[in-house]
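# Examining the three-dimensional arrangement
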Amino acid sequence: REHHVRAALPAAPLAAERLPIRRLRRLPPGGATRQFLAGNPEEPNGALEMYLQVGPDEGDDWLHLLLLSQMIDKAVYAELRTKQQLGYIVQCGSTEADGVRGLVFIVQSSVQPPPELEARLEAFLRLFRGTLLLTSDEELDTYRESLAAQMQDVDQRADGQASRLWAEVA
């Protein structure tokens, strides 16, 4: 059977010069905002995705970024979702693409437009810096223990395994 498939679909690896080259750019400080309008004028929701490029993925730096993203995620949800009630989706996570790490923030709202969401998120980040400086060793230990438990709890659910494996393929 396998022989028939190989005969019907002959394939060979691409030559090195034909392989696609994936490139990332170093983003300049300050960033840029791009806004896209929904095709449906009746759509009440708007969204903000903010990407903060951190730098190359070196050593165990990704663990520090993951720890930071967990701390921010909890706080940004409490502030923008619970307190300010900006929208249903408010989250922060760490990301990696071609060896470059970053933080990604997503806020979806039907009560404020994207420029206002951006202003509120930036205000939160300015205040969070102080919160981070005042974080006690005990509180950091709690986050570290939670992260360690998550790292040991790999693939307890099929959707987690599928997401992890798909990320490797994509």
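These lines cover the structure that appears in this document, whether it is placed above or below. (Residues numbered from 1 in each chain as written. Predicted model: local features only at pLDDT ≥ 70, side-chain atom pairs only at ≥ 80, totals over all residues. Heavy atoms only, no water.)

## So, the overall build of the chain
For the chain, the count of helices and strands is 5 helices and 3 strands. Sequence-ordered secondary structure for the chain, helices as α and strands as β, is α-β-α-β-β-α-α-α. For the chain, whose C-alpha radius of gyration is 21 Å, the value lies well above the compact-globule estimate of 15 Å for 170 residues. Expressed along its principal axes, the backbone C-alpha trace of the chain runs to roughly 65 × 50 × 35 Å. Counting the 170 residues in the chain, one finds 21% classified as buried. Summarising the internal contacts of the chain: among those between residues at least 6 apart in sequence, 71% fall at separations of at least 24. Put simply, the chain shows about 13,400 Å² of open surface, and 54% of that area lies on carbon and sulfur atoms. For the chain, the distance from the average position of its 18 positive side-chain charges to the average position of its 25 negative side-chain charges is 6 Å. (Helix = DSSP H or I, 4+ residues; strand = E, 2+ residues; numbered from the N terminus. Rg over C-alpha atoms; globule rule 2.2 N^0.38 Å. Buried < 20%, exposed > 50% of the residue type's maximum accessible area, 1.4 Å probe, protein only. Contact = heavy atoms within 4.5 Å. Areas by Shrake-Rupley, 256 points an atom, 1.4 Å probe, with all protein chains shown as cover. Lys, Arg positive; Asp, Glu negative; His and termini not counted. Charge placed at Lys NZ, Arg CZ, Asp CG, Glu CD.)

## Quick word on helix 2 (residues 61-83)
In an α-helix there are 3.6 residues to a turn, and that puts residues three or four apart on one side. The terminal C-alpha atoms of helix 2, which comprises 23 residues, lie 32 Å apart, in line with the 33 Å expected from a rise of 1.5 Å per residue. Those residues of helix 2 lying buried are Leu65, Leu66, Leu67, Ser69, Gln70, Met71, Ile72, Val76 and Leu80. Buried residues along helix 2 sit against strand 1 (46-56), strand 2 (89-97), strand 3 (100-109), helix 3 (114-133) and helix 4 (137-152). (Expected span 1.5 Å × (residues − 1).)

## Focus on the nonpolar core
Ranked by internal contacts, the top residues of the largest apolar core, which has 22 residues, are Ile72, Val76, Leu80, Phe105 and Leu121. Elements that contribute at least two residues to this core include exactly strand 1, helix 2, strand 2, strand 3, helix 3 and helix 4. Among the elements that line this core, the one with the most residues is helix 2, at 7 residues. What leucine 80 contacts, discounting residues up to four positions off in sequence, is Gln85, Leu86, Gly87, Val90, Val107, Arg120 and Leu121. (Core = buried A, V, L, I, M, F, W, Y, C linked by side-chain atoms within 4.5 Å.)

## Quick notes on the pairing of strand 2
As defined by bridge partners, strand 2 adjoins strand 3 across 9 bridges and the pair is classed as antiparallel. When the sheet's bridge partners are listed, glutamate 96 is paired in strand 3 with arginine 101. (Pairing = 2+ DSSP bridges.)

## Concerning the pattern of salt bridges
Following the criterion strictly, the structure yields 4 salt bridges and no others. For lysine 83, the salt bridge identified is with glutamate 79, shortest N-O distance 3.9 Å. Taken as a pair, lysine 83 and glutamate 79 lie in helix 2 at a separation of 4 residues, close to a single helical turn. Looking at lysine 83, the relative accessible area reads 63%, which means it is exposed. Judged by relative accessible area, glutamate 79 falls into the partly exposed class, the value being 22%. For arginine 120, the salt bridge identified is with glutamate 116, shortest N-O distance 2.7 Å. Placement of the pair is arginine 120 and glutamate 116 together in helix 3, with a separation of 4 residues, close to one helical turn. (Salt bridge = Lys/Arg side-chain N within 4 Å of Asp/Glu carboxyl O.)

## Some points on helix 4
The end-to-end C-alpha separation of helix 4 is 22 Å, in line with the 22 Å expected for 16 residues at 1.5 Å each. Check the buried side of helix 4 and you find it contacts helix 2.

## Structural notes on unusual backbone geometry
One non-glycine residue, glutamine 85, lies in positive phi territory at about 50°. Positionally, glutamine 85 belongs in the loop between helix 2 and strand 2. Within the chain, aspartate 98 stands out as a residue other than glycine whose phi angle is a positive 50°. Within the element layout of this structure, aspartate 98 appears in the loop between strand 2 and strand 3.

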